Amino acid sequence: MMRGFIPQESTNTGTILIFMGIVVLTMKASVIEMFLVLLVTGIHSNKEMTKKMKRPKFNVPQINCDVKAGKIVNPEFFVKCPAGCQDPKYHVYGADVYASYSSVCAAAVHSGVLDNSGGKILVRKVAGQSGYRGSYSNGVQSLSLPRWRESFIVSEGKPQKGVTYPSALTYSSPKSPAAKADETTKAYQKPSVPGTTAPPFTLMQGPGTTPVEATHTTLSRPFPSAGSPTSSPRSQPMGYRSRELDLGSTITSTSSQNSPRANAEVTDLWKPGSVLLDAGFVPKEELSTRSLEPVSQGDPNCKVDLSFLIDGSASIGKRRFRIQKQFLADVAQALDIGPAGPLMGVVQYGDNPATQFNLKTHMNSQDVKAAIEKINQKGGLSNVGRAISSVTKNFFSKTNGNRGSAPNVAVVMVDGWPTDKVEEASRVARESGINIFFITIEGAIETEKQYVMEPNFANKAVCRTNGFYSLSVQSWFSLHKSVQPLVKRVCDTEQLACSKTCFNSADIGFVIDGSSSVGTGNFRTVLQFVANISKEFEISDTDTRIGIVQYTYEQRLEFGFEAYSTKPDILNAIKRVGYWSGGTSTGAAINYALEQLFQKSKPNKRKLMVLITDGRSYDDIRIPAMAAHHKGVITYAIGVVWAAQDELEVIATHPAKDHAFFVDEFDNLYKSVPKVIQNICTEFNSQPRN
């Protein structure tokens, strides 16, 4: 074979291979091209699909006009409000920033975000604050509020990018699982031998908390979160309260199996050990002996009917509410409750008062303590005045266990300050025979006093300002120190002068004979007699009041019950009464006193008429005297010299021997003063207190 010669067959084969390579390359290019086309098409299709698969339309929850922001758990949410939320019955508190106790939709109308036709709004929760100021805006009158634990703001319903809003709202419930999980859990072990020291127990307040040892002298306070509904309502000054210390704190302590009162020490730290031990943990060894112990009839040296008005408002917080309950339990234990001693009931107030149990529900300290442990917080505002009025009208009644012969005592516990006025309600309570005690815990600091609706409300509520009827406690954690001082005061029945007594419960009208037979000198002696009786009474607009009518043929109102409210003013006014001179129409004078003097007497006052005359009346006295008796006016008739004994007995309230007095000359009038006072008080003390 010659070198370089290529057979024809090989040439054909190579050509075929080259062709096939070209075909393969062409096919690869087509595949790549097709792949790229498909890739581009897929991306385009994906974009088209993405466009077509838009996020489903957001469903805005609808609420009613009366829904309050505090009832909604979500920190930020959209809602749709109906029309008509401008109605005044939907309360709003604050301006721009609203307390969470406000109606969401009414607040939106007030702020101008909505009109009265309704619409969508965005609601965002923020921290609570002090000093919500009321204002009138867009047809809605918002109210002021001293402070609240949580606030919210409203804005137009425009969603923010990247923020997911709930399509269904979560509402709070007092018995919801979340609320139950937040409650205190109690863990302790039973010692094997009675009298031995129990293992340490822990009060758990929530996950992720740091224990505070019971040996610490102060309690750490959590830093408030701005957006948390349980955060403090404001930045607190040093030493002042955080309204919600319930969350984010743990207390660890140890306790002896012995009674928590046995080793009580005065410290600055509130020790919760007694809460757990008093809650029902009793070793079997003690159970076997307790049933054999005689049931206490109560402390006979402290026979009082006692009502506690406890603060259940939302601003107090759960932890402070528990401290308050423990304080009540400690007082119940110290009082030794029983049918022969003190009886105790509890009224909780928020927006409205609610009786937790009355005087006859429980007859010993252990049952009272168990009932206190079961009390759940109401929430709402701090309407103390409304609660006092309710107690005055309803609590101290025979059907609720009021014994009549025992002093009535109401202890009002206030966190901070009330959200309504208490002075008038307390005055009526005192005039109804109730001793009012006020315990103010963590009262308003100087910068907060401008928000207090009724300055010095505690002093206005009680009948004395010497500190006997009011206690000011700087911190909830030192409240336990007030147990013994309070018990000592409520049991000191000799000092309970705030209730209705013979010296501070009456409207006394003197009807004085100014006829010619009396004479100027004797008339001055009569006025001295009036002054001697008057100065024995406690004079004020809420205690005993004095009025005077002078008569001859005619009658003259010297001064009425409302003219003077202090003892010095009354005594000076008596001295200024001028002698009139004339005839003696005693019957007409009685009618005049009933119409012009006692017609203006207060409903809760005892009406006493003291009539002084020196002779027989020129007119009939029987019908006027009977009218006075029918109107509930207790009449004392004092006759001098020529007064008719038979007329005195007709005028005087039955029995006449206790209400009619006669002296043979004006200079002996002073001798009747002690007897008149004694009979007034004897008659009063023989009647039920209320």
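Our subject is the structure that appears above.
Residues numbered from 1 in each chain as written. Predicted model: local features only at pLDDT ≥ 70, side-chain atom pairs only at ≥ 80, totals over all residues. Heavy atoms only, no water.

1. Points about the packing of helix α14 (residues 586–596) against helix α15 (residues 622–630)
Quick reminder of the rule: To define axes, lines are fitted to C-alpha atoms, for helices over the stretch in contact only, and angles between the resulting N-to-C directions are given on a 0 to 180 degree scale. Each helix corresponds to a stretch of at least 4 residues labelled H or I by DSSP, and each strand to a stretch of at least 2 residues labelled E; elements are numbered beginning at the N terminus. Oblique is the label for any angle not covered by the other classes, which are roughly parallel (under 35 degrees), roughly antiparallel (over 145) and roughly perpendicular (65 to 115). For any pair of crossing helices, the crossing counts as left-handed if the nearer helix is rotated counterclockwise from the farther one by less than a right angle, and right-handed if it is rotated clockwise. Pairs of residues are marked as contacts when any of their non-hydrogen atoms sit within 4.5 Å. All residues other than Ala, Val, Leu, Ile, Met, Phe, Trp, Tyr, Cys, Pro, Asp, Glu, Lys and Arg, Gly among them, are scored as polar; the first ten of these are nonpolar and the last four charged.
Relative to each other, α14 and α15 sit at 25°, their axes nearing to 8 Å. Looking at the two axes, α14 sits roughly parallel to α15. α15 is crossed by α14, and the crossing has left-handed handedness. Between α14, through G587, I590, N591 and L594, and α15, the contact on the second element is made entirely by P624, A625, A627 and A628. For the contact of α14 with α15, the class distribution of residues is 6 nonpolar, 2 polar and no charged.

2. Looking at the packing of aromatic side chains
Test applied: A pair of Phe, Tyr and Trp rings is counted when the ring centres sit within 6.5 Å of each other, with Trp represented by its six-membered ring. The angle between the planes then sorts it: under 30 degrees is stacked, over 60 is edge-to-face, the rest tilted. When a residue's accessible area, from a 1.4 Å probe over protein chains only, is under 20% of the maximum for its type it is buried; when over 50% it is exposed; and in between it is partly exposed.
Applying the stated criterion across every chain, the model contains 13 aromatic pairs. Arranged with centres 5.7 Å apart and planes meeting at 65°, the rings of F561 and F598 form a pair that is edge-to-face. In this pair, F561 is assigned in the loop between β20 (555–559) and α13 (567–575) and F598 in the loop between α14 and β21 (606–613), connecting sequence segments 37 residues apart. Residues F561 and F598 agree in their burial class; the two are buried.

3. Some points on the nonpolar core
Side chains that are nonpolar tend, in soluble globular proteins, to be buried together. Condition: Note on terminology: a nonpolar core comprises buried Ala, Val, Leu, Ile, Met, Phe, Trp, Tyr and Cys residues joined through side-chain atoms within 4.5 Å.
Ranked by internal contacts, the top residues of the largest apolar core, which has 67 residues, are F308, F327, L335, M344, F438 and L486. Tallying contributions element by element places helix α6 (residues 318–335) first for this core, with 7 residues. With 36 residues, the next largest nonpolar core counts A531, I548, Y636 and V640 among its residues.

4. With respect to the sheet that holds strand β7 (residues 145–156)
The test is simple: For two strands to be treated as a pair, DSSP must find at least two bridges joining them.
Strand order in this open sheet of 5 strands is β1-β4-β7-β3-β2, and the pairing throughout is antiparallel. Lying at the two open borders of the sheet, with one neighbouring strand each, are β1 (76–81) and β2 (94–95). Bridge analysis of strand β3 (residues 97–99) against β7 gives 2 bridges, and the strand direction is antiparallel. From the neighbouring strand, Y98 faces β7, where its bridge partner is F152.

5. Section: helix α7 (residues 365–373)
Put simply, the rule is: The directions considered for the arc are those from the helix axis to the C-beta atoms. The definition of a polar contact used here is a pair of N or O atoms within 3.5 Å, where within protein one atom must be able to donate a hydrogen and the other to accept one, and adjacent residues in sequence count solely through side-chain atom pairs.
Burial in α7 covers these residues: S365, V368, K369, A371 and I372. Looking straight down α7, one finds that the buried residues subtend no more than 160° of arc, so they occupy a single side. Backbone nitrogen of Q366 and a side-chain oxygen of the N-cap are separated by 3.2 Å at the start of α7; the cap is N364.

6. Topic: the sheet that holds strand β12 (residues 305–311)
Read across the sheet, 6 strands follow the order β14-β13-β12-β15-β16-β17 without closing on themselves; strand pairing throughout is mixed. Both outer strands of the open sheet, β14 (353–357) and β17 (470–473), are each paired with one neighbouring strand and no more. Ignoring strand direction, the axes of neighbouring strands in this sheet form an average angle of 20°. Of the strand pairs in this sheet, strand β13 (residues 343–349) and β14 are connected by 4 bridges, and their pairing is antiparallel. Counted as the bridge partner of Q348 is A354 from β14. Set on the sheet, α6 makes contact with β12, β13, β15 (408–415) and β16 (434–441); between it and β12 the angle comes to about 170°.

7. Some words on the packing of α6 against helix α11 (residues 483–491)
Running from N to C, α6 and α11 point in directions that differ by 50°, and their axes come no closer than 10 Å. Classified by the interaxial angle, the pair formed by α6 and α11 is oblique. Crossing hand, α6 versus α11: right-handed. Two secondary-structure elements touch here, α6 through F327, D330, V331, A334 and L335 and α11 through V483, Q484, L486, V487, V490 and C491.

8. Comments concerning the state of the cysteines
Put simply, the rule reads: The disulfide criterion used throughout: a pair of cysteine sulfur atoms within 2.5 Å.
In the structure shown here, the tally under the stated rule is 3 disulfides. One disulfide bridge connects C65 with C85, the sulfur atoms lying 2.0 Å from each other. The disulfide joining C65 to C85 has a torsion of about -80° about its S-S bond and is therefore left-handed. Note that C65 is positioned in the loop between α1 (8–52) and β1 and C85 in the loop between β1 and β2, a separation of 20 residues in sequence. An identical accessibility class is assigned to C65 and C85; each is buried. Residue C302 pairs covalently with C491 via a disulfide, S to S 1.9 Å.

Worth remembering: the numbers are spatial, not functional.
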